[in-house]
Amino acid sequence: MVVFAGQGDPRRSLSLLWRADAPPPARGGPGPKPRLSVDAIVAAAVALADEEGMAALSMRAVGDRLGRTAMALYTYVPGKSELLDLMYDAVHAELPTAYPESESGDWREALTAWAGEVLEFYVRHPWVLQVSQARPVLGPHEYAGLDTLVTLLRATGLDAGVLRRLVGTLFPFIRGSAQAVADARLAAAATGSSDEEWWAARSAALLELVPDFAERFPAVSGLEAEGPVEPYPGEGAEGAEPVPYPEREARETFRVGLGVLLDGIEAARAGRT
């Protein structure tokens, strides 16, 4: 399910994102109910989406978490569209805006560290991946994340036109990798069968039904036959938590793919020099 940001009133949404207008006074009620605020509503909505997914998000569900009615929330946030914008921007505040590797001039290590942070950010908040990049939220934390990446890329010495395209390459690459990790974590619970059970049943059926598989798809079969997949970094280390195979594959694909992208930046820099 793809969700498009920026569907609320433009001025009201941006005013809330940038806290340009004075917020309404906090309202207390009888008993121990917490005082409402924009930040409290956004925090409750983020917790709900993290735990139950985007499909569970509604003004009523957020109000229930705060012990209030949905109507009580509208004084602070006009509706679900504006709330989604606020949620999206708020969680982006988790991303670092400075990297020691960049300060030492090692742009490659800095970009590697940045990409790893962004991947884990998406894995923590998989609902963010459902928010389309076609319509940016235009909030301060989203801009801070973009500014950080541009700053790191400027250290490569490549011209602005190339840097713009690298921004448009790196974010979709990381989002795709994070989606693969998130899907791997959700698959067993969503389908009711483990990865091992799923593959065992379908592999056996495929071999029976398509005995000439290797002849029909020689490139794929040849790749499988050329040798085992390289071990995931840290796999087998003492005390390390076992990582399920699909997630392990997704993370290793991210690591190798990022390395190839950075090699491409190296090549572009060499060609420029």
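A quick note: this is a predicted structure, and the numbers were derived from the prediction, not measured.

(A) Examining the pattern of salt bridges more closely. Counted by the stated rule, this structure contains 11 salt bridges. Between Arg-65 and Glu-51 there is a salt bridge, and its shortest N-O distance comes to 2.5 Å. Of the two residues, Arg-65 sits in helix H3 (residues 59-66) while Glu-51 sits in helix H2 (residues 38-52), which places them 14 residues apart along the sequence. Residue classification places Arg-65 among the partly exposed positions, given a relative accessible area of 36%.

(B) Representation of H2 in the model. With 15 residues, H2 should cover 21 Å at 1.5 Å per step; its first-to-last C-alpha distance of 21 Å lies within 8% of that length. Of the surrounding elements, those touching the buried residues of H2 are helix H1 (10-17), H3, helix H4 (70-73) and helix H5 (80-91).

(C) Region of interest: the side chain of Arg-248. Along the polypeptide, Arg-248 turns up in helix H13 (residues 245-272). Look at Arg-248 and you get buried, because its relative accessible area is 18%. Within the structure, the side chain of Arg-248 is placed 2.9 Å from the backbone oxygen of Val-243, a separation counted as a polar contact.

(D) Layout of empty space enclosed by the protein. A complete count under the given rule lists one cavity of 30 Å³ or more for this structure. The volume enclosed by the largest cavity comes to roughly 50 Å³. Taken together, Leu-95, Pro-96, Tyr-99, Trp-114, Val-118, Gly-145, Thr-148 and Phe-171 make up the full set of residues lining the largest cavity. Each residue belonging to the lining of the largest cavity can be placed in one class, and the counts come to six nonpolar, two polar and no charged.

Rules of the game
- Residues numbered from 1 in each chain as written.
- Predicted model: local features only at pLDDT ≥ 70, side-chain atom pairs only at ≥ 80, totals over all residues.
- Heavy atoms only, no water.
- Salt bridge = Lys/Arg side-chain N within 4 Å of Asp/Glu carboxyl O.
- Helix = DSSP H or I, 4+ residues; strand = E, 2+ residues; numbered from the N terminus.
- Buried < 20%, exposed > 50% of the residue type's maximum accessible area, 1.4 Å probe, protein only.
- Expected span 1.5 Å × (residues − 1).
- Contact = heavy atoms within 4.5 Å.
- Polar contact = N/O pair within 3.5 Å; in protein donor to acceptor, adjacent residues only side chain to side chain.
- 1 Å grid on protein atoms, 1.4 Å probe; cavity = no way out; pocket = protein on both sides within 12 Å on 5 of 7 lines; lining within 4 Å.
- Points joined across faces, edges and corners; volume = space filled by probe spheres on them.
- Nonpolar A, V, L, I, M, F, W, Y, C, P; charged D, E, K, R; others polar.

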